[in-house]
Amino acid sequence: MKKYQEMTKAELLQEKQQLEAEYKKIKEIGLQLNMARGKPSSEQLDLSMDLLNVLTKDDILKAEDGTDCRNYGIMDGIEEAKELMAEVVGCKKENVIVYGNSSLNIMYDQVARAEIFGICGNTPWSKLDKVKFLCPVPGYDRHFKITQTFGIEMINIPMTSEGPDMDLVEKYVNNDERVKGIWCVPKYSNPQGVVYSDETVRRFANLKPAAKDFRIFWDNAYAVHHLYEDNQAEILNILDECAKAGNPDMVYQFCSTSKVTFPGAGIAALSSSEENLKDIKSKLTVQTIGHDKINQLRHVKYFKNIDGIKAHMKKQADIIRPKFEMLIDMLNEEIKPLGIGNWVDPVGGYFVCFESLEGCAKEIIGKCKEAGVTMTGAGAPFPYGKDEKDSTIRIAPTYPSMDELKKATEVFITCTKLVSVNKCLEKTESKV
Ligand code: PMP
C-alpha cells in the first residue's frame, strides 16, 4: 500500500471516488454508536454487582472503631476506607481524606476554596489580578473546564513520552508567582496513556515554585487500571518525593473507584500533607457532617485490601483489553500503511489518542457524526477547546460491545481516509 502523501493526483482521485462510495453506503445503514466518553460497559459494571449485597446488618452497625455507619459523623472517612484508598495510591492512611462519590468534585472544591479562602493562609486567588495554571496537552477536558470556569488563565505544556515537558514546567513554576497550579494525570494519562517517568516525578517534587501556594493537582485516576498482567506501570510516590525534596505541601493527590466499581457511585479520596489536610478540614467541616460511610464500608468489605482491587481490575482488563487490541489492530492494518495517523499503544487507562494529519480532526469527527458515530468533540483535550493543529482525536473504546466497536472503528477509518485524501489532494493542487 502506498502512503497518501506519495500518491499522484490521479491515484488520490481514484481513492477518493472509492471512499466516497463507501461512505455513502455506511451513512445509509443509519448507525447509532458512541465512542465519546470513557465509560465502562455494562459487562464491566456487572462485575461489581456483589458490592450491593456485601453488607450485613451487623457490618453497617459497626465500622472497625465501633462507629455506627448509618449515622452522622467521621467527616474525613472511616479508617478502613482510608487504608484502602491509601493502598491504591501507595501513601499512608494518615495522609488520606475519603470523600463521597467523585474525585472531580474534590478537585473543583480545592480550586474553589483556593479562590474564595486561599490556601493555608495565602491570599485568595480571586483577590489577585491574575492566576495561571499549567495544562499538559492533550489532557482531560473536565480539568480544563474547572480552571476555565474560575477565569484562571491556562497555559499549554506539551506532553512527551515521559510526561509533561519539565523544562517548560520548571521555567513557569519557578519564575512566575502567578502560576498557582498544574493538572497532572501521572499514570495512563487521559487521553494518551502516558506514564510519568521517575525523572519526571522527581523533577516535579524538586520544583522551586515562585508562589508559596503553588500546588500540583496530581489526579491519579488510573492508578490500578492496567491492561496487561505482565506490563504494569508503576510511578514514584509523589507525596514521598515531595517530602524528601523539602516540599511536603506542594501536592494534592486525587483518586476514586469510579472506574473500578460504579462511576458516580464509588468512593473518592484526596491525599496530601498534614498541613494541607488541616487547612482542608477547617473548611470541610463547614461543608459537610460526613460523606456516605455505608458506601465506604461496602467497598472495604467487598475488596478487603489492595489485592482484592487488583484481582477485580484483572477481570476489568480481561473485558476491555480485547477492545483496545481490536481497535489498534484495525488502525495498524488500515491507517498506518497510508501514513495518515499516529498513536501510541496504551498499556493502561481508558483511551487511545489518535493523531491525524494536521487540519483534519474536526472534519473526521464531523464525518463520523454524520454517519452515526459520536466521537469526543475535536479540541476537547485542550484548554478552551483549541487544538491548534486540529489533529488530536480521543477514542474511548470501552463502552461499546465488540461488535459495535468494530463497526464504529470501520466508520472512523473510512472517515479518516476520506478526509485525509482530500487534504492530500488540496496539497497537490496548491503545488501546481
Ligand atoms: N480524572 C480523570 C483523569 C478522569 O479520566 C476521570 C473520569 N473520566 C475523572 C477524574 C472523574 O473521576 P470521578 O468519577 O472520581 O469524579
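Per chain, the residues get numbers from 1 upward, laid out in the order the sequence is written. Note on the predicted model: pLDDT of at least 70 is required for a residue's local features to be given, and 80 or more for side-chain atom pairs to be given and counted; whole-chain, interface and lining totals, by contrast, use all residues.

J.: Before we go on, may I ask you to explain the overall build of the chain in this structure?
T.: Secondary structure elements follow DSSP: runs of H or I of four or more residues count as helices, runs of E of two or more count as strands, with numbering from the N terminus. A count of helices and strands for the chain gives 14 helices and 13 strands. Within these notes, the globule rule equals 2.2 Å times the number of residues to the 0.38 power, and the radius of gyration is based on C-alpha atoms. Computed over the C-alpha atoms, the radius of gyration of the chain is 23 Å, within 12% of the 22 Å expected from 2.2 N^0.38 for a compact globule of 432 residues. Dimensions of the chain along its principal axes, counting C-alpha atoms only, are 75 × 55 × 35 Å. By residue count, 48% of the 432 residues in the chain fall in the buried class. For the chain, contacts bridging at least 24 residues in sequence account for 78% of all contacts bridging at least 6. Exposure classes come from backbone-placed C-beta atoms, where a residue is buried if 20 or more other C-beta atoms lie within 10 Å of its own, exposed if 12 or fewer do, and partly exposed in between. Residue pairs qualify as contacts under a 7 Å threshold applied to their C-beta atoms, which are placed from the backbone.

J.: Sorry, what's going on with the environment of Gly339 here?
T.: Assignment of secondary structure puts Gly339 in the loop between helix 12 (306–334) and strand 10 (341–342). Judged by the 16 C-beta atoms lying within 10 Å of it, Gly339 falls in the partly exposed class. Gly339 has contacts with Lys3, Tyr4 and Gln5, leaving out every residue within four places of it along the chain.

J.: Honestly, the sheet that holds strand 9 (residues 268–271) in this entry has me stumped. Any pointers?
T.: What links the strands of a sheet is backbone hydrogen bonding, and the strands pair in either a parallel or an antiparallel sense. Ordered in space as 2-9-8-7-6-3-4-5, the 8 strands form an open sheet in which the pairing is mixed. At either end of the open sheet lies a strand with only one pairing partner, and these are strand 2 (96–98) and strand 5 (163–164). Paired strands, as defined in this entry, are two strands with at least two bridges between them according to DSSP. As paired strands, strand 4 (residues 153–160) and strand 5 are joined by 2 bridges and run antiparallel to one another. From the neighbouring strand, Met159 faces strand 5, where its bridge partner is Pro164. In this analysis an axis means a line fitted to C-alpha atoms, helices contributing only their contacting stretch, and an angle means the value between N-to-C directions, from 0 to 180 degrees. Contacts from helix 5 (residues 103–116) reach strand 7 (215–219), strand 8 (251–256) and strand 9 within the one sheet, and its direction differs from that of strand 8 by about 155°.

J.: Looking at this model, I keep getting lost on the domain arrangement of the chain. Mind explaining?
T.: Accessible area lost upon the coming together of the parts serves often as the stated size of an interface. For the domains described, the bounds stem from an automatic or database domain assignment. Parsing the chain into structural domains produces domain 1 (4–44 + 310–431) and domain 2 (62–304). In this structure, domain 1 and domain 2 have C-alpha centres spaced 31 Å apart. Listed as interface residues are 25 residues of domain 1 and, on the opposing side, 28 residues of domain 2. Those elements that place two or more of their residues in the side of domain 1 that touches domain 2 are helix 12 and strand 13 (392–395). Per element, the largest residue contribution to the side of domain 1 that touches domain 2 is 8 residues, and it comes from helix 12. Any residue outside Ala, Val, Leu, Ile, Met, Phe, Trp, Tyr, Cys, Pro, Asp, Glu, Lys and Arg is labelled polar, Gly included; the first ten of those are nonpolar and the last four are charged. Here the side of domain 1 that touches domain 2 is built from residues that sort into 16 nonpolar, 4 polar and 5 charged.

J.: Is there a simple way to think about the UniProt feature "coiled-coil region" (unreviewed entry) in the chain in this case?
T.: UniProt positions are given in the numbering used here, feature names are shortened, and annotations may be inferred rather than shown by experiment. If you check UniProt for "coiled-coil region" (unreviewed entry), the listed places come out as residues 2–29 in our numbering. Annotated as residues 2–29, this span is 75% helix and 0% strand, and its ends, taken at the C-alpha atoms, are 30 Å apart.

J.: Would you mind showing me how to read the site of the ligand here?
T.: The environment of the ligand is formed by 13 residues, the closest being Ser102, Ser103, Leu104, Ser256 and Ser258. Broken down by class, the residue content of the shell around the ligand amounts to 6 nonpolar, 6 polar and 1 charged. As a rule, any residue with its backbone-derived C-beta atom within 6 Å of a molecule or strand is reported as near that molecule or strand.

J.: When you look at the nonpolar core in this model, what are you seeing that I'm missing?
T.: General note: in soluble globular proteins, nonpolar side chains tend to be found buried as a group. To count as a nonpolar core, a set of buried Ala, Val, Leu, Ile, Met, Phe, Trp, Tyr and Cys residues must be joined through C-beta atoms within 7 Å. Among the nonpolar cores identified, the biggest contains 82 residues, and Met85 and Ala269 are the most heavily contacted of them. Top element by residues in this core is helix 4 (residues 79–89). It accounts for 6 residues. The contacts of Ala269, once residues within four sequence positions are left out, are Met85, Val96, Ile97, Val98, Tyr99 and Cys255. Counting 43 residues, the second largest nonpolar core, distinct from the first, contains Met35, Leu227, Ile365 and Ile413.

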